[in-house]
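Per-entry structural report
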Amino acid sequence: MGTIIEASATATAAAHRRTLHPGALELADVAAQSCLERAGRSADDLDLLINAGLFHDKIISEPAFASLIQEDIGANRSRPAGAGHGTFSFDVYNGGCGLLTGISLVDGMLASGTAEVGMVVASDMDPEPGVSDGFTFPGVGGAILLSADDSRPGFTAFRFATFPEYAELFHSNVDWQDDPRGGTAGHGRNVLTVEMAETYTAQALECAEATVRELADEQTLDFGEIDLLVATASVPGFAEALAARLGVPADRVPATVDGLGGAHTAAPALALESGRLAASGTTLFVSAGAGITVAVALYRT
């Protein structure tokens, strides 16, 4: 049995302005609904819904963002009667590696038979435009629908690695700041600050290459076999640079949509918009992010 990608979809802040200021939740909702439509499925088909997005509207942390998405798209809103079918939703936070982390969790649940259909959704949007410091990621939402298929290999291997010695190169935090206008004591707001060092890209490439080569050794993978390289690290040009290091031809890297090269957690789904996955026998997914953390997955059609 293999875990296969049935469909994927994305939504961008520029294209989906149903409100004056579209947020992460709206982007996630649109991407999830579009993904279901592409697969010809109903939201009630979902056994599992995982949110891997990080930067939420107004920096909310409760309730789980996945539960809000579940409510909005109408995935089994009511408690199932008896042993009936329901949707289990929860959040997973692993920065730029969140989408692949969520996929690996769905893969485990599909393999165990506890779920038949799962979706991983990720979206990011500046939670406080004009107030947040260092937030440069474009507003993008992405969704990937997964199911089990006995006739196809699908995802065949995952590898995760963390390099804590480089943690200071890319990190974010939320701090309370008093109202600069003064007034009643205790008045102020939480402010998000994102810091990415100039050396982050180069170090992320080093860590990603090392992790990819470890997986390749385990799976006896020849890089010449790779038909499609989906590599993301929240910085433009990462995929092309990694392809050059691995000796993968540049034409096997999906083209990046202008202005979206720095997409954060939804970046892998954005790369799949090229439509090249179905025609690619072997696809290598690589994500790098804060930590520095690297996630690698091998997918075969």
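In this report, the structure presented in the accompanying data block is examined. (Residues numbered from 1 in each chain as written. Predicted model: local features only at pLDDT ≥ 70, side-chain atom pairs only at ≥ 80, totals over all residues. Heavy atoms only, no water.)

1. Comments concerning the overall build of the protein
Here is the rule: Each helix is a run of DSSP H or I of at least 4 residues and each strand a run of E of at least 2, with the numbering of both proceeding from the N terminus. Restricting the calculation to C-alpha atoms gives the radius of gyration, and the globule rule supplies 2.2 Å times the number of residues raised to the power 0.38. Exposure categories follow from relative accessible area, calculated using a 1.4 Å probe and restricted to protein chains: below 20% of the type maximum is buried, above 50% is exposed, and the middle band is partly exposed. In this analysis, two residues are considered to be in contact whenever any of their non-hydrogen atoms come within 4.5 Å of each other. Residue burial considers only the protein chains on display, and all accessible areas are found by Shrake-Rupley using a 1.4 Å probe.
Broken down by element type, the protein carries 6 helices and 11 strands. For 301 residues, the compact-globule estimate of 2.2 N^0.38 gives 19 Å, and the C-alpha radius of gyration of the protein, at 19 Å, lies within 12% of that figure. Considering only C-alpha atoms, the protein reaches an extent of 65 × 55 × 30 Å along its principal axes. By the burial criterion, 53% of the 301 residues in the protein qualify as buried. Considering only residue pairs separated by 6 or more positions, the protein has 76% of its internal contacts joining residues 24 or more positions apart. When the accessible surface of the protein is summed, it comes to about 13000 Å², and 49% of that surface belongs to carbon and sulfur atoms.

2. A short note on the packing of aromatic side chains
Counted only if it meets this: Here a Phe, Tyr or Trp ring, Trp counted by its six-membered ring, pairs with any other such ring whose centre lies within 6.5 Å, and the pair is stacked when the planes are under 30 degrees apart, edge-to-face when over 60, and tilted otherwise.
One pass over the structure, following the stated rule, counts 10 aromatic pairs. When the ring of Phe88 is compared with that of Phe90, the centres are 5.1 Å apart and the planes differ by 45°; the resulting orientation is tilted. Between Phe155 and Phe158, the aromatic rings sit 5.5 Å apart at their centres with planes inclined by 20°, giving stacked as the arrangement. Relative accessible area serves as the criterion here: at 6%, Phe155 is assigned to the buried category. Note on Phe158: relative accessible area 23%, which makes it partly exposed. Feature note: the residues Phe55, Phe135, Phe137, Phe170 and Tyr200 constitute an aromatic cluster, connected by ring pairs.

3. Let's talk about helix 4 (residues 200–219)
The α-helix winds at 3.6 residues per turn, so residues separated by three or four positions along the chain end up facing the same way. Selection rule: The span you would expect from a helix comes to 1.5 Å times its residue count less one.
Over its 20 residues, helix 4 runs 28 Å from end to end, which matches the ideal 28 Å to within 8%, given 1.5 Å per residue. Contacts from the buried residues of helix 4 go to strand 6 (154–162), strand 7 (170–178), strand 8 (188–196), helix 5 (238–246), strand 10 (282–289) and strand 11 (293–300). Directly beyond the C-terminal end of helix 4, a positive phi value near 45° is found at Thr220.

4. Thoughts on the pattern of salt bridges
Basically, it comes down to this: Salt bridge criterion: a side-chain nitrogen from Lys or Arg within 4 Å of a carboxyl oxygen from Asp or Glu.
Overall, the coordinates contain 10 salt bridges when judged by the stated rule. Here Arg38 makes a salt bridge to Glu273, at a shortest N to O gap of 2.8 Å. Of this pair, Arg38 sits in helix 1 (residues 24–39) while Glu273 sits in the loop between helix 6 (267–271) and strand 10; the two residues are 235 residues apart in sequence, bridging distant segments of the chain. According to the relative accessible area criterion, Glu273 is partly exposed, its value standing at 33%. Here Arg300 makes a salt bridge to Glu225, at a shortest N to O gap of 3.6 Å.

5. Considerations on the packing of helix 4 against helix 5
The following threshold applies: Angles run from 0 to 180 degrees between N-to-C directions of axes, and those axes are lines fitted to C-alpha atoms, restricted for helices to the stretch in contact. The scheme is simple: roughly parallel for angles under 35 degrees, roughly antiparallel for over 145, roughly perpendicular for 65 to 115, oblique for anything else. Note: crossing handedness is left-handed where the near helix turns anticlockwise from the far helix by less than a right angle, and right-handed where it turns clockwise. Lys, Arg, Asp and Glu make up the charged group, whereas Ala, Val, Leu, Ile, Met, Phe, Trp, Tyr, Cys and Pro make up the nonpolar group; the residues left over, Gly among them, are polar.
It is at 10 Å that the axes of helix 4 and helix 5 come closest, and there the two elements cross at 50°. On the basis of the axis angle, helix 4 is oblique to helix 5. As helix 4 packs across helix 5, the resulting crossing turns out to be right-handed. Taking contact as the criterion, the partners of Ala202, Ala204, Leu205, Glu206, Ala208, Glu209, Val212 and Arg213 in helix 4 are, on helix 5, Phe238, Ala241, Leu242, Arg245 and Leu246. By residue class, the composition of the contact of helix 4 with helix 5 is 9 nonpolar, no polar and 4 charged.

6. Section: the pairing of strand 4 (residues 117–124)
Looking along a regular strand, one sees side chains alternate from face to face of the sheet. Where we set the bar: Strand pairing follows a simple DSSP-based rule, namely that at least 2 bridges must link the two strands.
Among the 8 residues in strand 4, 8 count as buried, and that is most of the element. Side-chain alternation along strand 4 places Val117, Met119, Val121 and Ser123 on one buried face and Gly118, Val120, Ala122 and Asp124 on a second face that is also buried. The pairing of strand 2 (residues 48–51) with strand 4 spans 4 bridges and is parallel. Following the sheet pairing, Leu48 is matched in strand 4 by Gly118. Sheet analysis places strand 4 next to strand 5 (residues 140–149), joined by 8 bridges and oriented antiparallel. Across the sheet, residue Ser123 finds its bridge partner in strand 5, namely Gly141.

7. Describing the side chain of Thr3
Where we set the bar: Polar contacts here mean pairs of N or O atoms no more than 3.5 Å apart (in protein, one a potential hydrogen donor and the other a potential acceptor; neighbouring residues in sequence count only if both atoms are side-chain atoms).
By the element assignment, Thr3 lies in strand 1 (residues 2–12). Residue Thr3 is classed as buried on the basis of its relative accessible area of 0%. A polar atom in the side chain of Thr3 sits 2.6 Å from the side chain of Asp107. Look past the residues within four positions of Thr3 in its chain and what remains in contact with it is Asp107, Leu110, Leu146, Ser147, Pro153, Gly154, Phe155 and Tyr299.

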